[in-house]
Amino acid sequence: MSSRSAGWHGRGVTGHPRRASRRPGRSSRRRRRVGIGTDILSAVTDGVVELALVGAGRMGRMHLRALDPAAGRTAAVRVTDVVEPIPEAREALRGSGYRVHTTLADLLAARRPDGVLVAAPTDHHADVARAALAAGIPVLCEKPAGLTSQEVEETGRVAADRGVAFQVAYWRRFVPAMVALRERVLAGELGQILHLVC
C-alpha cells in the first residue's frame, strides 16, 4: 500500500478481520448482517441509516448538502461521520456537527457506521471501498468504482466474500426520464441506436 493511499484509509484496514465485540463509540442499536442485494435499512432497527462520508471535496460536499437533515429531503439517512485527510477540508467541517476523522482506520477504531459513502478522489475509490467492505461495512461508491476493470472486479470479490452490499452510484439509471428512454429503446421505438449521450 502506498503512503499516498494510506491517507484515505490508513494502514492495516484492508483485510481487517471483522471483530465480534462492539467497538468503542458503537451505538447500542441492534443490527443484522446485511448481504448483497438486501436493503441497508434492514441492518438497523430504528429506521435511520448512519453513513460515514469518505472525502469532503466537491463531490463529498454535494452529498453533505443532499443529505443535510435541514434540507428536509430525507429522514431515513444521515451522515454522522466524515473522513478527510486534508487539514483545510477538515477545518472547514469544524462546528458542522459531524465527527471528523483523518483516515478510515481512525473512523473504524472509533465507531462503526451503518454504511460508507465513498466520494474520495477517483484514484482512491477502489482502495477505500475494499477497506470498508473488508471491515464488513456496506458501501455506496461514487463512480467510477475503480480505474481498471481488475480493480472493480477485486472490489466486487471482496464484497461477495464478505457478504456485504456494494453499489456504484449510477443514479441516472433511476431518473424517470432515463427509465422511460430505456424502455423506448428496448421496445425498438427509436430505431437502431448508434450513439446516445446523456
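Participant: Whenever I open this one, the overall build of the protein chain confuses me. Can you help?
Facilitator: For the protein chain, the helix and strand inventory stands at 7 helices and 6 strands. Counting from the amino terminus, helix and strand elements in the protein chain follow one another as α-β-α-β-α-β-α-β-α-β-α-β-α. When burial is assessed residue by residue, the protein chain has 39% of its 198 residues classed as buried. The long-range fraction of contacts in the protein chain, counting pairs at least 24 apart against all pairs at least 6 apart in sequence, stands at 64%. Working note: accessible area of the protein chain is about 11,100 Å², and carbon and sulfur atoms make up 55% of it.

Participant: Before we go on, may I ask you to explain the pattern of salt bridges in this structure?
Facilitator: Think of it this way: side chains of opposite charge can pair up when their charged atoms draw near. Throughout the structure, instances matching the rule amount to 9 salt bridges. Residue Glu 50 is joined to Arg 111 by a salt bridge in which the shortest nitrogen-to-oxygen separation is 3.0 Å. Here the residue Glu 50 occupies a position in strand β1 (residues 49-54), and Arg 111 occupies one in the loop between α4 (104-110) and β4 (115-118), the gap between them amounting to 61 residues. The same class applies to Glu 50 as to Arg 111, namely buried. Note that Arg 111 is salt-bridged to Asp 81, the shortest N-O span being 2.7 Å. With Arg 111 in the loop between α4 and β4 and Asp 81 in strand β2 (residues 77-83), the pair connects residues that are 30 residues apart, well separated along the chain. Overall, the relative accessible area of 5% leaves Arg 111 in the buried class. One network of salt bridges, in which partners are shared, links Glu 50, Arg 78, Asp 81, Arg 99 and Arg 111.

Reading the values: rules and limits
Residues numbered from 1 in each chain as written. Predicted model: local features only at pLDDT ≥ 70, side-chain atom pairs only at ≥ 80, totals over all residues. Heavy atoms only, no water. Helix = DSSP H or I, 4+ residues; strand = E, 2+ residues; numbered from the N terminus. Buried < 20%, exposed > 50% of the residue type's maximum accessible area, 1.4 Å probe, protein only. Contact = heavy atoms within 4.5 Å. Areas by Shrake-Rupley, 256 points an atom, 1.4 Å probe, with all protein chains shown as cover. Salt bridge = Lys/Arg side-chain N within 4 Å of Asp/Glu carboxyl O.

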